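Each chain is listed here by its residues.
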Amino acid sequence: MAIAQPPHSAPAADAVAPYTLIAAVLQTQKLISHQLDSTLRPLGLSFARYEVLAIMVAANAPLPMVRIVRALDRHPTTIGTLIEGLEGSGLAVRAINRSDRRSTLVTITDKGREVAVSATRALDAVALVDPQVMRRLHDDLQQLLSATRRASTAAPGGRP
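Given the structure is predicted, the values throughout are model-derived calculations rather than measurements.

### Some words on the overall build of the protein
Within the protein, the regular secondary structure consists of six helices and three strands. Taken from N to C terminus, the helices and strands of the protein fall in the order α-α-β-α-α-β-β-α-α. Taken over 160 residues, the protein has a buried fraction of 23%. Long-range pairs, those at least 24 residues apart, make up 47% of the contacts in the protein between residues at least 6 apart in sequence. Here the protein has roughly 11,100 Å² of accessible surface; of this, 58% comes from carbon and sulfur atoms.

Here it is in structure tokens:
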């Protein structure tokens, strides 16, 4: 997959142009997402649905939907659609929070817990690249993410 080059001057020889890095990260994300979704498809999951299940497994208690929205940094409608799919598959249930009727609680079912465990095993077996390369990439991407968040929040109109 080739990375498109914009029609302006090239950066210094030892520098990486931001657009080149961004394109590489986005293309890598697409490939990894496709592989993860393919791995989870036999279990009836997408990676996005798996993320919701994983949060519920970790919480080990009913969660307000707003906590899932915040944890995954996704739009409430997106999370609602994911939970609706999990509910339709019998992996989660929603209920009105009795202590705050404005809030919806989401609970993982026993079947959801079993599927989440199976999905975690399947994902653990996915070998994207050499484990040492993965460790270095993880560390570098965490630094990039932190720097990008700092720059984003420092910019006028940036998100907190």
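### So, helix H4 (residues 76–88)
Along its 13 residues, H4 runs 18 Å from first to last C-alpha, staying within 8% of the 18 Å computed at 1.5 Å per residue. Along H4, the positions that sit buried rather than exposed are Ile-79, Gly-80, Leu-82, Ile-83, Gly-85 and Leu-86. The secondary structure elements touched by the buried residues of H4 are helix H2 (47–59), helix H3 (65–72), strand S2 (92–96) and strand S3 (104–108). Positive phi appears at Gly-90, one or two residues downstream of H4, with a value of about 80°.

### A few points about the layout of surface pockets
Reported here for the largest pocket is a volume of approximately 1,500 Å³. What lines the largest pocket is a set of 32 residues, among which Val-25, Gln-29, Leu-141, Gln-142 and Leu-145 lie closest to the centre. Within the residue set of the lining of the largest pocket, elements represented by two or more residues are helix H1 (18–40), H2 and helix H6 (131–154). Looking at the lining of the largest pocket, the element that brings in the most residues is H6, giving 12 residues.

### Regarding the environment of Ser-89
Looking at the secondary structure, you find Ser-89 in the loop between H4 and S2. In this structure the C-alpha to C-alpha distance between Ser-89 and Lys-111, which are 22 residues apart in sequence, comes to 9.2 Å. Setting aside its immediate chain neighbours within four residues, Ser-89 contacts Arg-49 and Lys-111.

### Thoughts on the packing of H2 against helix H5 (residues 110–124)
At a closest axis distance of 10 Å, the pairing of H2 and H5 adopts a crossing angle of 115°. Handedness of the crossing formed by H2 with H5: left-handed. Side by side, H2 and H5 meet where Phe-47, Tyr-50, Leu-53 and Val-57 of the first sit next to Gly-112, Arg-113, Val-115, Ala-116, Ala-119, Thr-120 and Leu-123 of the second. Classifying every residue of the contact of H2 with H5 gives eight nonpolar, two polar and one charged.

### Looking at the packing of aromatic side chains
All chains considered together, the criterion is met by one aromatic pair. Arranged with centres 5.9 Å apart and planes meeting at 35°, the rings of Phe-47 and Tyr-50 form a pair that is tilted. Of the two residues, Phe-47 and Tyr-50 both sit in helix H2, three residues apart, roughly one turn of that helix. Given a relative accessible area of 27%, Phe-47 falls into the partly exposed group.

### Brief notes about the side chain of Glu-51
Mapped onto the elements, Glu-51 comes out in helix H2. Contact partners of Glu-51, with chain neighbours within four places excluded, come to Leu-72 and Arg-74.

Conventions we followed
- Residue numbers restart at each chain and count upward from 1, following the sequence in its written direction.
- Under the rules for a predicted model, residues below a pLDDT of 70 receive no local features and side-chain atom pairs below 80 are neither given nor counted, while totals for whole chains, interfaces and linings still include all residues.
- Side-chain numbers here rest on the full set of heavy atoms in the structure, without hydrogens or water.
- Put simply, DSSP marks the helices as runs of H or I at least four residues long and the strands as runs of E at least two long, and each gets a number from the N terminus on.
- Accessibility here uses a 1.4 Å probe with only protein chains present; expressed as a share of the type maximum, an area under 20% marks a residue as buried, one over 50% as exposed, and anything in between as partly exposed.
- The contact criterion used throughout is that any non-hydrogen atoms of two residues lie within 4.5 Å.
- Accessible areas in this description were obtained via Shrake-Rupley with a 1.4 Å probe; residue shielding takes into account the shown protein chains only.
- Here a helix's expected span is defined as the number of its residues, less one, multiplied by 1.5 Å.
- Here a cavity denotes a set of grid points, spaced 1 Å apart and computed over the protein atoms alone, in which a 1.4 Å probe fits but from which it cannot get out, and a pocket denotes an open set meeting protein on both sides within 12 Å along at least five of seven lines; residues with an atom within 4 Å of a point are reported as lining.
- Grid points are joined across faces, edges and corners, and a volume is the space filled by probe spheres set on the points.
- Here, axes are lines fitted to C-alpha atoms. For helices the fit covers the stretch in contact, and angles between N-to-C directions go from 0 to 180 degrees.
- Two helices that cross are described as forming a left-handed crossing if the nearer one is turned anticlockwise from the farther one by less than a right angle, and a right-handed crossing if clockwise.
- Each residue is assigned to one class: nonpolar for Ala, Val, Leu, Ile, Met, Phe, Trp, Tyr, Cys and Pro, charged for Asp, Glu, Lys and Arg, and polar for all the others, Gly among them.
- Any pair of Phe, Tyr and Trp rings, taking the six-membered ring for Trp, is counted once the centres come within 6.5 Å. Such a pair is stacked with planes under 30 degrees apart, edge-to-face with planes over 60 apart, and tilted for the rest.

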